[in-house]
Amino acid sequence: MMPSGPPPRVCWTSVVFLLLACCLLSTGAQGQMYQLRVEPKDPVVPFGKPLVVNCSLDCPSPGLIFLETALSKETHSSGLGWAAFRLTNVTGDMELLCSGLCNKSQVVGSSNITVYGFPERVELAPLPLWQPVGEQLNLSCLVFGGAPRDHLTVVLLRWEEELGRQPVGKEEPAKVTFMVQPRREDHGTNFSCRSELDLRSQGLELFQNTSGPRKLRTFAMPKTPPRLVFPPFWEMETSWPVNCSLSGLFPASEAHIHLALGNQMLNATVVSQADTLTASATAKIEQEGTQEIVCNVILGVENRETREKFVAYSFQGPNLNLSEPNAAEGTPVTVTCAAGPRVQVMLDGVPAAGPGQPAQLQLKATETDDKRTFFCNATLEVDGVTLHRNRSVQLRVLYGPTIDRAKCPQRLMWKEKTMHILQCQARGNPNPQLQCLREGSKFKVPVGIPFLVLLNYSGTYSCQAASSRGMDKMLVMMDVQGRNPATVNIALGVLAILGLVTLAAASVYVFRVQRQHDIYHLRPRSTRWPLTSTQPVTVAEELS
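Nothing here was measured: the structure is a model prediction, and the numbers come from that model.

Another point: the pairing of strand E7 (residues 94-102). Along E7, seven of the nine residues are buried, which leaves the element largely enclosed by surrounding structure. Direction of pairing for strand E4 (residues 62-68) relative to E7: antiparallel, over a ladder of five bridges. Its bridge partner lying in E7, Leu67 is registered against Cys98. Between E7 and strand E8 (residues 105-124), which follow one another and run antiparallel, lie two residues, and Asn103 among them has a positive phi close to 55°.

So this is what it looks like as structure tokens:
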């Protein structure tokens, strides 16, 4: 592992080089004819690695050769006119100076060492927890170490897509910033940084190193507040539905919605569909007066809130009671309609004395009051709005049975073997049982259903309506008339005579037609008349 940052360049080499240059000025032109070569020439060396430097002098009588450097060095090998030195730990860019004597003249050669090192690490700076869609986002890549910096580049990646590249500066660690504008489809996308050390111009390779990815979470939230739906007036001790929704969310599945009644959170059922989030709950109010309901939607680092007020009220009643729900005929009955404080009641159109006061009605139960319905209307003023509530109750009056004389005639005249209905009816509470029995034989005739009337049904019937409240009776005379045989015989005789007369007339007509035909054929041809002639034929002609 190499330390970060570009390697330091040794400063004292420049001083030595200036001193040697001054010495060369005094050696004259003779020393300038020879060269001292330093190999390798301008090498690129990995950070911390050893390097063997060879200094060679091409002159007839070379002297000693020296290598001037601040690095640790040792003589590797040497010979006439050359010497090799081993640098054990090259850690920075520097200039190497080799010097030697040629004919008592000093000759100098140089070579520049460039040290390269891979970045220790490259990383993408932490992303915001949530990023609004469409807003500018600056992504920073941090590069620790790496040299040479003029060959080092940073690339910003979205998955494997290259979004941009920039050179790495000299600071440590180096910070490279890219600007992007996230989209909805970038939600959940991985971004990363990649360092590229390009040493291909030095005969080496392109070295790459990629940071760990970071996931971007984008969101979009409308400016409009959530929509609350609930009744403007809530009755105490009654559960009421509350709904809150907000559309235009992205991603709606990651949003959170809360419903609260004052400071009390409601247990809501949340549904996410497309870009809409909906919360539904039921709430029960236990305190009368103005209350507040709150809906809050949170997505990313933003939230939208709606607060609305409503009025909770207490509407007690109305209570509608009968002193005798099932009263016997003639019994006094009291009808009472009552409600809570501030409630005005009205019984069958008659208002009570004032709010909170009951309304009453008294009567003596009669047959006509049976199944009578009483109505109680209650009104309550809440925040300028009048609320209504109604109740009804039915009175049952117990009275004895009565046969309806209008529908049950006392005398009936029917023909034998015809269908009839005995329409007798009876009323009463409880409902009476009605039956009609012939006196003497106790023969029962059907009541209210069709039956075939026979001759032996004639007689007097006692119709009785009975219940637990008593009995009512009436007599019905049934006169069944049989069919008359003499009349039938006369009708048959008349029909027989008419048949004989018709038959005789037909026989006469046939006889005359046949007679005309015979006379026609017996006469001479010259005296025949057309058969179609209407000339009458006398009896003498017929006989001739």
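The structure having been displayed, the exposition proceeds.
To continue, consider the nonpolar core. Of all hydrophobic cores here, the largest spans 28 residues; its most connected members are Leu228, Trp234, Leu249, Leu259 and Phe310. Breaking this core down by element, the ones donating at least two residues are strand E20 (239-246), strand E21 (256-261), strand E24 (276-284), strand E25 (289-299) and strand E26 (302-313). Not counting residues up to four positions away in its chain, the partners in contact with Leu249 are Ala220, Met221, Pro222, Ala255, Asp275, Leu277, Val297 and Leu299. Leu322, Cys337, Leu363 and Leu387 belong to the second-largest nonpolar core, a separate cluster that totals 27 residues.

Here we take up the state of the cysteines. Per the counting criterion, the structure on display carries seven disulfides. The disulfide that involves Cys337 links it to Cys376, with 1.5 Å between the sulfurs. Here Cys376 lies in strand E33 (residues 372-382) and Cys337 lies in strand E29 (residues 332-338), a separation of 39 residues in the sequence. With a relative accessible area of 1%, Cys376 lands in the buried category. Covalent S-S linkage joins Cys408 and Cys424, the inter-sulfur distance amounting to 1.7 Å. Looking along the S-S bond of the Cys408-Cys424 disulfide, the torsion reads about 60°, which is the right-handed sense. Of this pair, Cys408 sits in the loop between strand E34 (385-403) and strand E35 (411-415) while Cys424 sits in the loop between strand E36 (419-421) and strand E37 (426-429), placing them 16 residues apart in sequence. Comparing Cys408 with Cys424 shows no difference in burial state: the two are buried.

On to the packing of aromatic side chains. Overall, the coordinates contain ten aromatic pairs when judged by the stated rule. Pairing Phe118 with Phe207 gives two aromatic rings, centres 4.5 Å apart and planes at 50°, and the pair type is tilted. Residue Phe118 is found in strand E8, and its partner Phe207 is found in strand E15 (residues 206-210); the two are separated by 89 residues along the sequence. Residue class for Phe118 comes out partly exposed when judged on its relative accessible area of 39%. Plain terms: the ring middles of Trp130 and Phe219 are 6.0 Å apart, the flat faces sit at 85° to each other, and that makes the pair edge-to-face. With a gap of 89 residues between them, Trp130 in the loop between E8 and strand E9 (131-132) and Phe219 in strand E17 (residues 218-219) connect regions that are remote in the sequence. Among the aromatic residues, those joined into a ring-pair cluster are Trp414, Phe443, Phe451 and Tyr457. It is Arg389 that lies over the ring of Phe315; its NZ or CZ is 4.4 Å from the centre.

About the criteria used
Residues numbered from 1 in each chain as written. Predicted model: local features only at pLDDT ≥ 70, side-chain atom pairs only at ≥ 80, totals over all residues. Heavy atoms only, no water. Buried < 20%, exposed > 50% of the residue type's maximum accessible area, 1.4 Å probe, protein only. Helix = DSSP H or I, 4+ residues; strand = E, 2+ residues; numbered from the N terminus. Pairing = 2+ DSSP bridges. Core = buried A, V, L, I, M, F, W, Y, C linked by side-chain atoms within 4.5 Å. Contact = heavy atoms within 4.5 Å. Disulfide = S-S within 2.5 Å. Phe/Tyr/Trp six-rings, centres within 6.5 Å; stacked < 30°, edge-to-face > 60°. Lys NZ or Arg CZ within 6 Å of the ring centre and 35° of its normal.

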